[in-house]
Structure formats: C-alpha cells, structure tokens
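Descriptive structure summary
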Amino acid sequence: MTFDPSAIRAQFPIFAGANGSSLHYLDNAATSQMPRPVLDAVIAFETTSRANVLRGVHRLAEAATEAYDQARGRVARYANVPAEEVVFTSGTTGSLNLVARAFGDTLAAGDEVVVSGIEHHSNLVPWQMLRDRRGIALRILPVTDEGRLDVSALDRTITRRCKLVAVAHASNVSGAVTDVAPIVAAARAVGAKILLDGAQRAPHGPIDIPALGADFYAFSGHKMFGPTGIGVLWARREILEAMPPFLGGGEMIRTVTLEKATWADVPHKFEAGTPPIAQAIGLGAAAEWLMRLDWPSVTAHEMRLTQRVLDGLAHVSGCRVIGPSGLQGRVPVVSFTLAGAHPHDICQILDAHGVALRGGHHCAQPFMDRIGVAGTTRASLALYNSEADVDALMHGLSRAAAQLQ
Amino acid sequence: MSDELYQRAILDRAKAAARAGRLPSPDASATVDNPLCGDRVTIDLTLDGGRVADVRHHVRGCALCQASASVLADAAIGQTTADIKAARDQLKSMLGGGDAPGSPWQELGIFTPVRRYKSRHECVLLPFDALSQALDSPKSS
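Values in this document were obtained by computation on a predicted structure and should not be read as measured data. (Residues numbered from 1 in each chain as written. Chains lettered and ligands numbered in written order. Predicted model: local features only at pLDDT ≥ 70, side-chain atom pairs only at ≥ 80, totals over all residues.)

Side note on the sheet that holds strand β11 (residues 319-322) of chain A
Residues and elements named next belong to chain A. Note the threshold: If DSSP finds at least two bridges between two strands, the strands pair. Runs of H or I in DSSP of at least four residues are treated as helices and runs of E of at least two as strands, each being numbered from the N terminus. Helix axes use the C-alpha atoms of the stretch in contact, all axes being lines fitted to C-alpha atoms, and the angles between their N-to-C directions lie in the range 0 to 180 degrees. Note on contacts: each residue gets a C-beta atom placed from the backbone, and two residues are in contact if those atoms are within 7 Å.
As summarised here, the arrangement of the 4 strands in space is β11-β12-β15-β14, forming an open sheet in which the pairing is antiparallel. Each edge of the sheet is formed by a strand with only one pairing partner; in this case those strands are β11 and β14 (358-360). The sheet shows a mean angle of 30° between the axes of neighbouring strands, direction not considered. Where β11 lies against strand β12 (residues 333-338), 4 bridges are found, and the strand directions are antiparallel. By the bridge assignment for β12, I322 is matched with S335. On top of the sheet, helix α11 (residues 295-314) reaches β11, β12 and β15 (376-380); it is set at about 10° to β12, its chief contact. The sheet contacts of helix α12 (residues 343-352) involve β12, β14 and β15, and relative to β14 the element is tilted by about 160°.

Okay, structure coming up:
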C-alpha cells in the first residue's frame, strides 16, 4: 500500500471542477473537502435507502437502520472504541455542549472545571455558561509562547476541587498537539475526568482513544472529509450510562407515560429525534476511506509540506509563526502574522491567487489576547495538498506583502 | 480579481491614518467590535454646538477598516449626528450597489470595489458604527 498524493487528490471532485486545478485549498482546519466515496455513500443512501432509523419495519427503514449502525461501527473502529460508546451529534460543538449539560449539570458550587488558554470558543463558552448556571469555578491552564499547554502549571491549576479537565487534543490556531499523558495523570490524581477536543486531530489519522486515557473525546465529520452537521462524542459506557440525557424526544426513550419517561440504552439515550442519517453514513464512509490509507506515508507527506510552509515563512520579512517552530508534536496547521498586514487583507489578496486561507481570531479570542494580536493568518493542510499549493501560498504572500507592507 | 479591491486610493488612505489616535478629553467615545474577525474600532470625539468638532480613531483592523476610519475622521468634522447617520446609510446603500454619496462624503466612493465582497462590508462600516454609537451616548457635561 503506497500513498500517492495526486491519486488521492483525484478522488476529490472539487479539485476536478471548474477552476479546481488552480484551487489551492489551505483552509482544511475550518472544513475539509469530501472524496468521491463519501459523496457516493451519501447519494446511495438518499437514492436507495432513505427512511427514518430505529423504528420502521419496512425494507427502506431496515436498510437505513443497518447503514446507520454500520456507520457507527466504522467511526468506532477509526477511534478504536466500542460502537455503543459512540454518540452521533451535530459536531464537536454539539458534543461539548452535550457534556457541559449532561455531565456539567451534575456539578455543584465549589466544583471546578479546567480549560486551557488556547481553546476554541466551543470548548470555553459552554463551560462559562455552566459556571453561570451551576456556580462552579472555571480555571485556566496557561499556554506557552509556542501555543502549547503549559504542563508546568498543571499542579497549581488542577486542584482537588477539579471535576473535569477539558482541553484541545490539537490546537486549531497553533497546530500544537497536546501532550496528553501529564494532563491525564494530573486529573487522575485528583479524581477529575478528562475531555479532549479532537476536532483538529481527527483528520490526521485513526485515533487510539483508549491509549490516550481520556474519559470524553469529541470530533467533527466535516473536518475529516465527511459531511457537515455530524460529529461524535465518545465516552466510556459507564460514564454515558451515569449521565442524564441532554435532549429529550423521540428515539431516546424506552417507555413514556403522561407522567414520566425512561431512557433508551446508550448511545441512543443521547440521540433524541431523527439523527442526521445521511451525514452519519457519510462520516462512516470517510472513516472507512481514511482507515485504508497508509498513515505513516500520509503523515510524512503532511509533515514535509508543513516544513515547506515553515521554511517559506522564515524567508518572509516581518513574518512571525504563532505556534511550534518545528514538526514535533504538531498537526499541519500553521498560523502566522505579517508585520503591517492584516490577516483579512492577506487572505483576500491570496484568494485572488487561488489560495484559500483563514484569517482572524479562529474562534480563539483569549489566545489572540494572550499573544497580543487581533488575529492571525492560518494555512491548514490536508492529505490532498501538494508542493504546488505551498508554493502558491508563498508566491501570494510575497505579492500581499508588497501591496500591504 | 481581488487585487482590484486593494487599489492605491484605499491603501494610501489606510496608511495616511488621518486623525489616528485618541483625544485627551473627548465628549463622547465608543468601541465597537466586529465579531467575525475580532477587529476593533475606538472613536473619540468632541462636539461644538451639536456638530463634530474633532475626531480621533484607534483601529485594530484591516486596510479597509483603517481607510474607512481615515476618510470618516476627515469628513465628519462640522457634521451633525443626523448627517453622519445619513452618510452611514448611504455608504451601506453604496456597498449594496447604490450610488456613492455626495459632498462631503464623496471620497467614500473609493470603497465601491468592496461591493462584491459581502464579507468585507462590515470592515468599511465598522468606523461609522463606532462614531454613531459615540454620538448616541455623549458624556453628560
């Protein structure tokens, strides 16, 4: 099994469409593109098996339920966890809010939740809302200048009152991959649970969640070559069973009387209402497609391109990389600032050169405040990117610098 | 092509940064954020007989936002609250495809290339929003 980036790229129709060959898509940390097998799975479901799941006995309903269950199994294999521990949600934000409600509402005044200073707003705001609802305290694990969690501050941040540590597995701004082991150890030492926001880690290869030692893990479909509107919350079975449901409605109950209801088994207890069925099937297809790749080769390719970005930026006058300077412990996400040039102006000019970037605060305003900038420009790579994409980025940047600086 | 967006007139105006800074004792101030990008504009102003006597702006934002603040700060001198709100409405209308405003706001015409970039309209409007907000909440004297 070998990895050929151009053969991979050929599987993505968006690069074959009008202007596709000149599209240098480097905004993968926001949303990645979908390969043909994912699109085919969605279309096949919608055209041959579309029905509601888990209820009907007619043949379409049976086929839909089977496809939905199969998708859950595929996602579970991607994360190396049992299928009944995989809860389908609307995305990482949905997963984190589920935990903030179902687990968070079991907390009381005096309890503490720890997040870090580089979290995406989706792993900060739900905890702020929980704090205001339940009177818990929110403590912040500081971040280093390289955009990594400062593990030297673990002891003073995670106290005996801590009930949950919720941090990014990989940063959507700095690209730093969190060294999970010391955080897990610090949380375990005080009996706290650990949640990892894996949205930025999930697109970069199968995840061995049990090896990480976390209690909760969240990720999104659309960042790992699947559809939007679908995501995953994983938690160990006993935790899912102990948590009260988040949303009430159909498909999450066992019996209902006018007075009360009892809950369906996990994971269905947390999947009230008709789920995003086609999206789940698409995510399952994405997981299956990803699992067939030669990951050491894919990772080597992603890191080679990341090095090319870092090397290129080192030659741009006034450029400051916000994040790790090397390849150790990082995903292929590179943020930077350019003296005298605003990220949105840079992105607008790069768009004219066919390069799709993201500029702004990346839903991480506290980290922007921490490093003293309003925003950064971010190039985020995926397995279908090429040297030509990086070279287009560098060419566009030199043009933008000439215009703006 | 996006290169058209960054015409000399806009970039020069952004770099000129007319009336950039803060006023030591303003009659009114306001800070407005653009939630999309985190850009922030702070406007200080003094009033004389219901008209803007002086304006300063502090912009943490893109070239479009800086250029807009720069044009606004020059053109707002001597204008009433109603004049400035009318100019803001005319600017918004121009970005939506309408005509460029007349004197003393004709220089806002440099932003006509922004019309086709809807995600950037707020960048141009943000300084006007900050000035409008400041005018709505003058300090009691």
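Considerations on the interface of chain B and chain A
Worth spelling out the cut-off: Residue classes follow a fixed rule: Ala, Val, Leu, Ile, Met, Phe, Trp, Tyr, Cys and Pro count as nonpolar, while Asp, Glu, Lys and Arg count as charged, and any other residue, Gly among them, counts as polar.
In this assembly, 15 residues from chain B lie in contact with 15 residues from chain A. For the side of chain B that touches chain A, the class distribution of residues is 8 nonpolar, 3 polar and 4 charged.

What about the domain arrangement of chain A?
Residues and elements named next belong to chain A. Quick reminder of the rule: Domain start and stop points were drawn from an automatic or database domain assignment.
Its domain assignment divides chain A into domain 1 (40-291) and domain 2 (294-404). Taking only C-alpha atoms into account, the centre of domain 1 sits 28 Å from that of domain 2. Across the boundary between the two partners, domain 1 contributes 23 residues, which contact 22 residues of domain 2. Tallied by class, residues from the side of domain 1 that touches domain 2 come to 8 nonpolar, 11 polar and 4 charged.

Quick look at the sheet that holds strand β3 (residues 51-60) of chain B
Residue and element names in this part refer to chain B. Spatial strand order, β1-β2-β3: 3 strands in an open sheet with antiparallel pairing. Either end of the sheet is taken by a strand with one partner, and the two such strands are β1 (28-33) and β3. The average undirected angle you get between the axes of adjacent strands in this sheet is 15°. Relative to strand β2 (residues 40-48), β1 is paired through 6 bridges, and the arrangement is antiparallel. Each bridged residue has a counterpart across the sheet, and for A30 the counterpart in β2 is I43.

Let's talk about the environment of A:A392
By the secondary structure assignment, A:A392 is in helix α14 (residues 387-404). Linking A:A392 and A:P332, residues 60 residues apart in sequence, is a C-alpha distance of 17 Å.

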